[in-house]
Each structure stands twice: as C-alpha cells, then as structure tokens.
Amino acid sequence: MTFTAPVLEYALLAPMLIVLGGAIVGVLIEAFARSSVRASAQLFVSVTAIVMALAQLVRVRNQGSTTPAMATLTFDGAGVLLQGTVLIIALLSIFLISDQDNFTAAAAAVPGSQEEREAHQARVRTTEVFPLTLFAVAGMMLFPVASDLITLFVALEVLSLPLYLMAGLSRYRRMASQEAALKYFLLGAFSSAFFLFGAAFLYGYSSSLTFAGIQAAVTGGAGNDVFLLIGIAFVSVGLLFKVGAFPFHAWSPDVYQGSPTAITAFMAAATKVAAFGAILRIFYVSFANAQWQWRPSLVVIAIVTMIFGSLVAIAQKDVKRMLAYSSIAHAGFLLAGVIALSKPGLDATIFYLLAYGIATVGAFAIVTLIRDSAGEVTDLNRWSGLGKRSPIVAGTFAFFLLAFAGIPMTSGFIGKFSIFSAAYQTGSLAILIAGVLSSAIAAFFYIRVIVLMFFKDPVEDGTSVVIPSALTTITISLSAVVTLVLGIFPAPVINFIQTTAIFLR
Amino acid sequence: MSSLVTLGLLPLLGAIVVAVLPSNNVLRIKQAALASTILTGIFGLYIATQFVANETALQFVQKNQWIPSFSINFSVGVDGLALVLIVMSVVLTPIVVLAGWNESEGGRWSAKVFYILILVLETMMIGVFAATDVFLFYVIFEAMLIPVYFLIGGYGTGERAAAAVKFLLYSLFGGLLMLASIIGIYVVSSNAGYASFDITELAELHTIMSPTTQNLLFLGFFIAFAIKAPLWPLHTWLPDAAKAGTPGTSVLLLGVLDKVGTFGMIRFCITIFPDASKTFTPVIIVLSVISILYGAFLAIGARDLKRLIAYTSISHFGFITMGIFAMTTQGHSGAALYMFNHGFSTAALFIVGGWMISRRGSSTIADFGGLQRVTPVMAWMFFIAGMSSLALPGLSSFVSEFLVLVGTYTRYPVAAIIATFGIVLAALYILIPVQRALHGPTTPGNENLPDLNLREKIAIAPVVAVIVAFGFYPSPLLNIINPAAAHVIESAGFTDPAPTEIAGK
C-alpha cells in the first residue's frame, strides 16, 4: 500500500496556523511565565498572532484554491472575508478580555469555596482565557472554510469547547456563570450530536462527505431524497443552534447573561460570523439545488426567529438578556440573506455580519463599564439616568442601539436595507414584511433603554460608570467609528465585499 | 458644489462652532447659533432670487455617487415647491432661536446641546426637501427624528419623555413601512434593468409596475407621510408632542417637519405612483375631510393652548392633503401655498402662545383673560396669528384655503362643500380662545404680566410681515409654485376638469 503525502498550501493555511501557534505559545506562557508578567505577555502574544494572521490573510486574499489541504478546505473570497471578520472581532474582543477584573482567579475552584477565596486574596492571576480565545478563533476561522462534513464538525468542536469553558470564568456571580457554562455545554453537545446524525444521513445519501460531492449528488438527484431531507434537517439543527435561531435559541439568554461580558461580546459577535459563514457555504454550495425542499421551512424559521426575538426582548429587565434576544432577532434577519440564495444575498449577509458583529462588541464593551461594588450592573432599572451621569458612555450605547434598530446613518441601516432587498429580490415578500414588522417591534425596546438612560433621573444606589481602560476605550471608539462610517460611506466596503465574495465550488 | 449643498452645510458648520465654544458661556453660544441661522436664512433668500420661476426642471442640481452598488446617489435639486419650503425653513429657524431665547435653559442638558440639536435639525430640514434621491430622502427623513426626539424629551415640559417616545415610535413605524416600499422600488427597478433611486427616473417606473405592486408600494409611502403630516386617524402623537415640546420645537415640528409628510405625498406618492394615487384618491379625500372637521371640533373643545394649536394644525393638514389629492393645478398650488402659510401662522401662534404661557406659568386657556389691557402688543400679535389661522381675507392663509377649496370643488364638489364647514368651525376655535384669553375681565394673577420686550418684537415682526404681505400680494410665491404644481399634475397624467357650467351657457 502506497501512501501519498497530502499537499498542503501553507500560505493559505497560515492565518489559521498562526492563530493556533499563538494559542500554544499562550499555553506555555501560562505554564512557565511568572504571574506578574503573564497578563501582558498573553495580551502581546494574542494581539500579535491576530494581527499577523490578518496581515497574512490580506496578502493571500486573491489566491483562491479548492485544495489548500486536500479537499477538506476551500479557500475563496467569501472565506477570506469571513475569516477577516472573525479576526477583526477577535482583536476588538481581546482588548476587552485584557481587562482582568472580570475573570475569576481560580476557575477550577468550587464557587464560594475556601480555595476560591484564598486564590482571590492571594491575587492569583490566571490568564488561560487568552489561549482559549485563540483556540476558539482558530476554530471560527476553520468553520466557514471547511468543505467537508468531518472538517466542519472538527471546526465546530474546536470553536465550541473553549467557549464552554470561557462562559464559566466570570469573577462575580460565579454560580450563574457556571450554570451558563454547563447549560451551553450540554445543549451544545446535543446539537453536535444532531449535526453528526445529519452528516451520517448526508453521507448515506451522497456517499460523499465533501460539499462538492453532496452538491453533485443533489444536482444528479439520483439518491434517496428522504436521506437528503433528514440530513439537511439535522445538519441545520446543529448549525442553527450555534447562531441561536428559534427554536434552538434557548441557551443564548442564560449563557449571554452568565458569561463574563467580554466573553459574551466575543461569543455573540464572532460565533455568529463563523456559524453563518458555514451555513452560507453549505447551503449555497451543497444544498442550492435542493432549495425547494429546505427553503420554505427556513423561511418560516427566519420569520419566527425575527418576531420571537423582538417580542420577547421587550419583556427583558436585564441588559445582557435584552441584547441576547435582540441577537436572536438579528439571527432571523441574517437568515433572510441565506434564504435569498443569490450573490446579493451573500454580499448582504457578509456585510451584515461585519456591521452587527462590530456593533455588538461595542455595545457589550459598554456594559462592562457600568458597575457597582459587586461587579457589573446589568439590571436595566439601575441604568436610569446614565445619560446624566456619563453622557458620552450613554450616548455611545444609544448609538449602538440605534444601529441595532437600523436607523439611518448607522451600519445597521445599510445592512438591513441590503439584506432585505436581497431577500425580496428572490421573491420572499413575507420575509420583507416580517422583517419590517419585527424591526418596528424591536425599535420599541431599544428606545425604551434610551429613554431610561436619558429621560429618567439617576438612582443613587452605588451604580457607577468606571473609567474605561485604554484598551477598552480603543474597542469602544473603534466600534463606534466603524458603525458610523459603515452607515455613511459604506461604498468602499460594499464594493470590496461584492468583488471578493465568491464561493469556489 | 451646488449652492443648495452650501446652504445645507452652513447650519452644520454653526453646530460645529457651537460645539467647540465653552459650555458655560451660554450667551456666546446663543449668539453663535443665532448668527449661523441668520446667515443661513440670508443665503437661502439669495438662492431664492437665483431661482428661475418658469422652469419646470429641477434647479441647483448636484449629483454624486454615494453607494454605487445599489445605484444610490447623493443628489439634490429643487423645484418651486421644494424651494418655497426650504425658504420657509431657513427663515423660521432664526426666528425660533430668537423668540425662544431662554428655552434652552431648564432642560435636562446644557444650552449647548440644545443649539447643536437645532442646527443639526436645520441642516436636515434643508436636506430633506432638497433630496432628489429616494434613498437619501429616507435617510434624512429617519435621521431627523433623533434630534427632535431629544429636543422634546430633553427640553420640553410635562410628560415630555412619554410624548417624545410616542412621537418617535409612530414615526419609526411609518418609516419602516416606507423602507419596505423603498426596497420594493429598488427591486422593481433593478428587475426592469435600471436600478435607480432617482426621482426623475422613477417617474417612469409606474409603466412597468403591476397595479397590485404599485398599490402596495404606494401605501408604504403614504402611511409614512400620513403619520408625519398627520392625517386622521394617525394623528394622536401630535397633540402630545406639541404640548410637551418647547414652543420653538413645536414651531419646527408642526411648521416644518410635518410638511415633509405633505411634501412627500406630492414628491413621491403622486410622482412615482400616479395610478395608485388615483385609485386611493377617494379614500384619502374622505380622510382629509374627516381630519378637517375632527381637528376643528377637538380644537373647539381644547382647554390647553398648545393642544389647541396642534388640533388646528390637524384640521389644516386635512386641507393641504385634500388639495393635493384633488389632483387639480389649483388644488396643488393652493396646497403648496398652504404649506408655506401654515408654517408662518403656526409659528406665530406657537411663539406668541409660548410667551403667554411662560409669563403666566400655565398653558390652560382659562387662566388667561384680559390680556388685551395688560399686554396689548402681545395680545394683538396673538390676535393676528389667530386671524391668519382662521384664514381671514387679507391674510396669507386666505389665498391658499380659497385655492384649495376651488381646486377641490372642480373635481369633488361634495368634499369641498363639507370642508367649507371647517372654515366656520375655524372661526369658532380661534375666536373662543381670543375672547377668553384676550378680552373680558383680567383674571387674577395676570395684572402684572410684562408686555413684549424688544427682542420678542424683533422676532415676531418678520412673521407678521410675511402673513400680511403675502395675504395682499401672493403672486411672487404663486409664480414660483404654479409651474411646479402644473408640472406634477401634468406628468402624473391628470388634466384639470373643464368648467362645464360656463361652457353650457
């Protein structure tokens, strides 16, 4: 038996390899560096890895290939854009994560135990969150370029496992954080199982694991359609779980609320990019010719997701839960781009992911600033009068909310316009109407928060706005500037996406 | 650069100047704001003198690419109607600033924020009338809600936050419906091979739209404008907003911003969807007549001065909408003239009413009485404003109301006759408060109210001058308006009904 060594195109894999390398260096730092230098060394390594990966990505952006690592990956324009978006969001999030006050000193200790107290008193500094983030980033970069089901599953696990851990790292409200981690892990494990189950059926249908092979089988139409349908359904469950679409959303409010806010920011923004990247690829490449089978149900899911997310968000009293439900609604909007199944739909979805991701990081970054002696204050009632206390912070938060609501002159508006016009162009009038209606509902709760911040008097209960660290300031201001610029001069970015975003088959 | 763009940038420049001035020097901030609005006003009048009256094509045109991927342009230009409204806006703004010299104090935020909001709003007011790209129009249409929202909620009185939210939610809901229609226009035009948002190109679009599509898209626009204008039964936000806002804000809200609704009906509804406009005309005429009478009855019953003025405006907007949808040149000219005159007569009522309220410390009509003896100048000014509002011959509103009724009668005699009762009711709703507030015995507490000071006299003088001058000699305005009105009617495919009675004799 002869063995042919796989041909690897290292230049195209380099962005992912760099991030993985950074993660491993991070693990070594955690093991060997003195605790006084650990945090800064970790930050340096993480930022360097992400920036280098981004630079390499820009360098190879035009070198499409369907065989960078045999047939397991496809490196193409859409992949470059999605990987780039993940990296940009990761960079912004790393700055937030570097604010160590929010992370527990001893993650492995039982909440409230003597061991934990001692660790806090001894001011132990553990920084495992940095390498974990980098591992997750690597998984997220792999996810949207994976082009066979096994690689896709591996990427899913690589990105999920670190996130499960990171959700449990919160310094305050340890129990809620651990609960979030456990919930996320259990439900995530279920959804992974669904995904695998579906993958098996797709293999049974097409006797191929690659997207191209499945596409060929779907186009040929020779296989057993029941297998195909079950396969699409269960693979979709696994993927829709990750983006938090109804009815697979149940984890997200608890996990968003329990996780350290910096992690929530990263998770909410970057996971969505990666997961939608994978959804786009598998639906656009493999399932496109079977659209009559899956499109109607996906339309229903999208509509229900939009309306459900917007309606339930109204009732929320916690800012992180509200943002979680709003992110469910946005998952519905993004699904509209998947359903469009067209080039404008692809462009619009990628633009929306970038715009939404950056605004999300910015919004959560501001949540980290509102604190009292027991950590962050996420009860909305205690945000009353924030505009009086700290007009700039409240104003920026209001601006992000307006971007989520899709008010003109924010990136959210351009995103909404392009994604709905793409959906309507391919005939989904229902999506357009549902989208507009749920945007109107959503406007209500975004504005409610603005009213609370600006038109209510402050409550004197020790809630205060901390002065952001330099890095947090960078994250917030960059996010705000990008949100504004993408709202007013989106043409360069849209053009770039339009010329770059293609799926190689 | 078109002089229109320069005009629009002037207030924005003023806003920047105000922003860099030190916050504690309130007088300097006010002077800077006043100076830049006066400068804008003068430049606006200069532009008006450069306008060629008999030209039906758009003038002062400028077109730059904005988002080429969606065929969105930054394009501006004016016809007679837009020019008149822009001139009205830039003349009213300095008057508002001067008349409400102390309005900015006692708000939630500093005087600086107040004037920045006013100046930014002025830029948007110019932009919204000048925009000839539907997308650009929409962006400004929605964005201008934000400064108004903060002006009402931050500087108003009473239930200001609730009123501001009600205003914003109503407007956003209408705006989102319009967004759906704009997406529809984009999709229809790009399916026809020329994606466009340009108002002159879109005028051809109706030839290829199916009646159903046209009706639906028309409704999206019309409902948004009917909320803005506001037409019964979508008016309920207006009295609250007008009562809560400062008098200056209310002048801008009712005098200028609500005109965007009626302006939009002409510019977008009738021009882009002439067939749908024809289909819906009977319904709209009925709603207009209801608005005229309903607004008038509520005004008669109003106990609060500001609410009274708001209700009179609902009645007046009924006249304007009726004139527009009568689809005759006289009706259109009358409606356009009415928009201009209503701007000034409402401004006069709100400004003088605002002075009365701030002197008395109450806005209940019953609290006034005998002002004619105590404060003769103020009482006379209120009287003239009231007479203008009831369209006394010799004052400017008379000409426009007459034209609207004549223009409507030729096509819808019944509606015109019923609407004429609105004039009788107008006499009631104006004369009752005039009698209660100005005449009769002096109500206790009013004996020592000061009369108008020099600043206030200077502020109100131009308003009264406009009301009287255009009452006697409206032809300079009509010369500008008539060609535009005739052009709209003609290009939408309507012809004026022949005066049959004369032909029969």
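*Asks:* A description of the overall build of chain A should follow, citing residues and the corresponding values.
*Replies:* In terms of regular secondary structure, chain A is built from 20 helices and four strands. Against the compact-globule benchmark of 23 Å for 505 residues, chain A has a radius of gyration of 22 Å, which places it among compact chains. Referenced to the eigenvectors of the C-alpha coordinate spread, the extents of chain A come out at roughly 70 × 55 × 40 Å. In chain A, 81% of the contacts between residues at least 6 apart in sequence involve partners at least 24 apart.

*Asks:* Before we move on, can you summarise the packing of helix H10 (residues 237-244) of chain B against helix H13 (residues 305-325) of chain B with the specific residues and values?
*Replies:* Residue and element names in this part refer to chain B. Between H10 and H13, whose axes approach to 8 Å, the crossing angle comes to 140°. Judged by the inter-axis angle, H10 sits oblique to H13. Both H10 and H13 take part in a crossing whose hand is right-handed. Along the contact surface, H10 presents Leu238, Pro239, Ala242 and Lys243, while H13 presents Lys306, Arg307, Ile309, Ala310, Tyr311 and Ile314. Across the contact of H10 with H13, the residue classes break down as seven nonpolar, no polar and three charged.

*Asks:* A description of the pairing of strand S1 (residues 59-67) of chain B should follow, citing residues and the corresponding values.
*Replies:* All names here are of chain B. The sheet contact formed by S1 and strand S2 (residues 72-78) spans six bridges and is antiparallel. Across the sheet, isoleucine 67 pairs through a bridge with isoleucine 72, a residue of S2. Between the antiparallel neighbours S1 and S2 lie four residues, among them serine 71 with a positive phi of about 55°.

*Asks:* Describe the interface of chain B and chain A, with residues and values.
*Replies:* Where interface size is given, it is often the accessible area lost as the parts come together that is meant. With 23 residues of chain B at the contact, the number on the chain A side is 24 residues. If you list the elements that add at least two residues to the side of chain B that touches chain A, you get S1, helix H5 (134-143) and helix H7 (160-191) of chain B. By residue number, the principal contributor to the side of chain B that touches chain A is H7(B), which donates 14 residues. The residue makeup of the side of chain B that touches chain A, split by class, is 19 nonpolar, three polar and one charged.

*Asks:* Account for helix H19 (residues 470-488) of chain A, naming residues and giving values.
*Replies:* All names here are of chain A. The end-to-end C-alpha distance of H19 is 27 Å, a good match for the 27 Å that 19 residues give at a rise of 1.5 Å each. All of the buried residues along H19 are Thr472, Thr475, Ile476, Ser479, Ala480, Val482, Thr483, Leu486 and Gly487. An end-on view of H19 places all buried positions within 160° of arc, on one side of the element. Turned more than 90 degrees away from the buried face of H19 sit Ala470 and Val481, all of them exposed. Residues of H19 that are buried make contact with helix H3 (77-97), helix H14 (343-367), helix H16 (391-405), helix H17 (411-425) and helix H20 (491-500).

*Asks:* So what about the packing of helix H11 (residues 247-272) of chain B against H13(B)? Which residues, and what values?
*Replies:* Residue and element names in this part refer to chain B. Contact geometry for H11 and H13: axes closest at 11 Å, N-to-C directions at 20°. By the criterion of interaxial angle, the relationship of H11 to H13 is roughly parallel. In this structure, H11 crosses over H13, and the sense of that crossing is right-handed. Across from Ser250, Leu254, Asp258, Thr262, Met265 and Ile266 in H11, the residues of H13 making contact are Lys306, Ala310, Ser313, Phe317, Ile320, Thr321 and Ile324. Tallied by class, residues from the contact of H11 with H13 come to seven nonpolar, four polar and two charged.

The rules behind the values
- Every chain begins its residue count from 1, and numbering advances along the sequence as written.
- Just so you know, chain letters begin at A and ligand numbers begin at 1, following the order they were written in.
- Where local features are concerned, this predicted model is filtered to residues with pLDDT of at least 70; where side-chain atom pairs are given and counted, the filter is 80 or more; whole-chain, interface and lining totals use all residues.
- Strands here mean DSSP runs of E at least two residues long; helices mean DSSP runs of H or I at least four residues long; both are numbered from the N terminus.
- Only the C-alpha atoms count toward the radius of gyration. The rule for a globule is 2.2 Å times the residue count to the power 0.38.
- For every residue pair, C-beta atoms are placed from the backbone, and the pair is scored as a contact if these atoms sit within 7 Å.
- Note on definitions: angles span 0 to 180 degrees between N-to-C directions of axes, and those axes are lines fitted to C-alpha atoms, for helices only across the stretch in contact.
- Orientation is classified from the angle alone, with under 35 degrees giving roughly parallel, over 145 giving roughly antiparallel, 65 to 115 giving roughly perpendicular, and any other angle giving oblique.
- Crossing handedness: left-handed means the near helix sits turned counterclockwise from the far one by under a right angle, and right-handed means the same turn made clockwise.
- The residue classification treats Ala, Val, Leu, Ile, Met, Phe, Trp, Tyr, Cys and Pro as nonpolar and Asp, Glu, Lys and Arg as charged. All others, Gly included, are polar.
- Any two strands with at least two DSSP-identified bridges between them are counted as paired.
- A helix is expected to reach a length of 1.5 Å times the quantity of its residues less one.
- Counting other C-beta atoms within 10 Å of a residue's own tells you its class, since 20 or more makes it buried, 12 or fewer makes it exposed, and anything in between is partly exposed; those C-beta atoms are placed from the backbone.
- What the arc covers is the set of directions going from the helix axis to the C-beta atoms.

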